[in-house]
Amino acid sequence: MSNTLEQKNINKGSCLCGKVAFSVDQFEPLVGHCHCQMCRKFHGAAFSTFVEVKLKHLTWIHGESELKTYQAENESLRKFCQHCGSSLMFISSFNQQAKTVELALACFDTEPKVKPDAHIYLSSKVGWYSPQDDLAKFQHYRSNKCDEI
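Quick caveat: nothing in here was measured; it's all calculated off a predicted structure.

Taken as a whole and assessed by the stated rule, the structure comprises seven aromatic pairs. Ring centres of Phe 47 and Tyr 129 lie 5.5 Å apart, and the angle between their planes is 40 degrees; on these two criteria the pair is classed as tilted. Taken together, the residues span a long stretch of sequence, with Phe 47 in the loop between α2 (37–43) and β4 (48–54) and Tyr 129 in the loop between β10 (118–120) and β11 (136–137) at a distance of 82 residues.

In this section: the pattern of salt bridges. In a structure, side chains of opposite charge can pair up when their charged atoms sit close to one another. Counted by the stated rule, this structure contains two salt bridges. In this structure, Arg 142 engages Asp 117 in a salt bridge whose closest nitrogen and oxygen atoms are separated by 2.9 Å. Within this pair, whereas Arg 142 is found in the segment after β11, its partner Asp 117 is found in the loop between β9 (100–104) and β10, the two being separated by 25 residues in sequence. Exposure remark for Asp 117: the relative accessible area of 29% places this residue in the partly exposed category.

A few words now on the environment of His 43. Mapping His 43 onto the fold places it in helix α2. Note on His 43: relative accessible area 25%, which makes it partly exposed. Residues His 43 and Ala 104, spaced 61 residues apart in sequence, show a C-alpha to C-alpha distance of 9.3 Å.

Counted according to the given criterion, the structure contains zero disulfides. As a non-bridged cysteine, Cys 34 has Cys 36 as the owner of its nearest cysteine sulfur, 3.6 Å distant.

Parameters and conventions
Residues numbered from 1 in each chain as written. Predicted model: local features only at pLDDT ≥ 70, side-chain atom pairs only at ≥ 80, totals over all residues. Heavy atoms only, no water. Phe/Tyr/Trp six-rings, centres within 6.5 Å; stacked < 30°, edge-to-face > 60°. Helix = DSSP H or I, 4+ residues; strand = E, 2+ residues; numbered from the N terminus. Salt bridge = Lys/Arg side-chain N within 4 Å of Asp/Glu carboxyl O. Buried < 20%, exposed > 50% of the residue type's maximum accessible area, 1.4 Å probe, protein only. Disulfide = S-S within 2.5 Å.

Structure, rendered in C-alpha cells:
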C-alpha cells in the first residue's frame, strides 16, 4: 500500500499517538482559520484551521474505528482520536450534503500545498488575538462579500 501512496500526490495525516492515519489526494480550494467558540474550545487554541476534502479523496490508512464523535447542538460533528484526543475532523450539515469533510490542517504529517485564504467567525474571536495578515476577514461565514470586514 505504501508504494501506491508514494506514487500519487498523497498528503498523509495522523493523530498525535499515530493510532489514526489517513491520506488525501486532492483538496477543495477553501482553507479557513475559524474563530468560532466551538472550534476554539475543540482545538484549545485561538482559532482552528480546516481544509475541505471530498470524501472520495480521503482514504483511511488505519484507525478510523478509533475515532470518537462529538455532536454539537447545531448538529455538526467533530471527530477526534479516542486515545490521544487529537482533533481531526469537522462535519457540518453542508459537508454532509456535499459529501465533504473538513480536516484540521495541522494534523498533516507533511505540510500540504494549500494555504489559508480567510479568517471566519471573527465576531466570536478571543479578545487577546487580532489577525494582522492580508487574508480576507469575515464576521461570520464567508457566505457573502457584505460580511467581509
